[in-house]
Amino acid sequence: MAILDDIYNATFKGNYKDIDGLVKKAVGDGINVHDIVNKALSAAMLEVGDKFGSGELYMPDMLLSAKAMKEAMEVLKPLIKGDSVLVEKGTVVIGTVKGDLHDIGKNLVITMAEGQGFKVIDLGIDTDYPKFVDAIKEHAPQIVAFSGLLTTTLANIPDHIKAIKDAGLRNKVVLAVGGAPVTRDFADRYGIEIYADDAASAAKEFIKVVQK
Ligand code: B1M
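Residues numbered from 1 in each chain as written. Predicted model: local features only at pLDDT ≥ 70, side-chain atom pairs only at ≥ 80, totals over all residues. Heavy atoms only, no water.

**Notes on the coordination of the cobalt atom of the ligand**
The textbook angles at a metal center are 109.5 degrees for a tetrahedron of four donors and 90 or 180 degrees for an octahedron of six.
Then, number 1: Coordination of the cobalt atom of the ligand by the protein involves just one donor, His 102 (NE2), at a distance of 2.2 Å.
Then, number 2: Its place among the elements puts His 102 in the loop between β1 (91-96) and α5 (104-115). (Donors = N, O, S within 2.8 Å, 3.2 Å for Na, K, Ca; no water. Helix = DSSP H or I, 4+ residues; strand = E, 2+ residues; numbered from the N terminus.)

Structure below.
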């Protein structure tokens, strides 16, 4: 579809000034919101990552693409919130792991979870261990989710879990993890109950927890 190609290209090229109009046009044309996210926005970000990895793109390019994706999500967020059937509410605490500044995927998980009726406490990026502990004490969530995009800082996840265990809170929450380099094996290794490879499946897994 031409408009999805346009959104893909604008995101890939970091044309953040054009993206608002393009996304609004796609919505106006009746294009499914999930197709806009998955087939255009997320797909473009994947290609940006590949090209960055192979040295064809540089950090400023990535930043511009990230800005374009954020602008697009501002338009889509209210629609994603409105398109799901509200299920029994629960609370999710989520943060990007210590040392990691990526937040686009985490924000997508938040949008999808909120769309399913969850209250989401966003601890932001580069989340220090005590922040999760404090948030569990304050908000009594059913689920604590870690987002991690860097192989190096995924190594901090055991320390995140240790801090929660040391505070005597491990059996009060279900842990969840996701992010490009994360795998089911990784989650299993650290006894993390939920692994989700995209935002929509994360929200589905959260629903299973509160329905139990
Ligand atoms: Co960075 N970066 N980056 N970056 N960046 C990656 C992750 C990288 C794969 C690019 C590459 O080399 N090919 C690479 C990591 C390599 C590795 O460790 N495996 C990388 C690197 C190396 C770096 C720096 C170290 C670069 C440098 O400085 N030399 C640096 C690190 C800074 C730091 O964090 N300390 C850095 C910086 C940046 C920017 C700031 C420029 C920017 C981030 C802006 C922002 O987030 N606000 C950026 C970006 C944009 C990327 C890429 C291009 C795109 C990430 C993204 O937003 N994807 C990325 C390439 C890639 O991932 N292929 C890359 C779109 C997003 C929707 O997908 O985040 O995967 P994602 O989220 C998905 C799923 O993973 C899942 O749901 C989402 C989709 O539905 N998910 C969860 C995510 N969190 C979840 C939590 C859950 C469940 C599912 O909980 C249950």
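The rest of the description comes next.
**Remarks on the environment of Tyr 190**
Then, number 1: In this fold, Tyr 190 is placed in the loop between α9 (184-189) and β5 (194-195).
Then, number 2: Along the sequence, Tyr 190 and Leu 175 sit 15 residues apart, while their C-alpha atoms lie 10.0 Å from each other.
Then, number 3: Not counting residues within four places of it along the chain, the set of residues in contact with Tyr 190 comprises Pro 158 and Ile 161. (Contact = heavy atoms within 4.5 Å.)

**Some details on helix α10 (residues 199-211)**
Then, number 1: Helix length check: α10, at 13 residues, gives a terminal C-alpha distance of 19 Å against a target of 18 Å (1.5 Å per residue), a fit within 8%.
Then, number 2: Buried within α10 we find Ala 199, Ala 202, Ala 203, Phe 206, Ile 207, Val 209 and Val 210. Down the axis of α10, the buried set is contained in an arc of 155°. They therefore lie on one face. For α10, the exposed residues set more than 90 degrees away from the buried face come down to Lys 204 and Gln 211. (Expected span 1.5 Å × (residues − 1). Buried < 20%, exposed > 50% of the residue type's maximum accessible area, 1.4 Å probe, protein only. Arc of directions from axis to C-beta.)

**Points about the pattern of salt bridges**
Then, number 1: According to the stated counting rule, one finds 11 salt bridges in the structure shown.
Then, number 2: With a closest N to O distance of 2.8 Å, Lys 162 and Asp 166 form a salt bridge. Remark: Asp 166 and Lys 162 occur in helix α8 (residues 157-166); sequence separation between them is four residues, near one turn of the helix.
Then, number 3: Overall, the relative accessible area of 49% leaves Lys 162 in the partly exposed class.
Then, number 4: Judged by its relative accessible area of 57%, Asp 166 is exposed.
Then, number 5: As a salt-bridge pair, Asp 188 and Arg 184 come within 3.0 Å of each other at their nearest N and O atoms. Of this pair, Asp 188 and Arg 184 both sit in helix α9, four residues apart, which is roughly one turn of that helix.
Then, number 6: Judged by its relative accessible area of 46%, Asp 188 is partly exposed.
Then, number 7: Its relative accessible area of 34% is what places Arg 184 among the partly exposed residues. (Salt bridge = Lys/Arg side-chain N within 4 Å of Asp/Glu carboxyl O.)

**Examining the sheet that holds β5**
Then, number 1: Strand order across the open sheet formed by five strands is β2-β1-β3-β4-β5, with parallel pairing between neighbours. Two strands lie at the open edges of the sheet, namely β2 (119-122) and β5, each paired on one side alone.
Then, number 2: Sheet topology note: the strand β3 (residues 143-147)/strand β4 (residues 174-178) ladder contains five bridges and is parallel. Bridged to Phe 146 within β4 is Val 177.
Then, number 3: Contacting β1, β2 and β3, helix α6 (residues 129-139) crosses the sheet at an angle of about 165° to β1.
Then, number 4: Against the sheet, α8 makes contact with β3 and β4, and its axis sits at roughly 160° relative to β3, the strand it touches most. (Pairing = 2+ DSSP bridges. Axes fitted to C-alpha atoms, helices over the stretch in contact; angles between N-to-C directions.)

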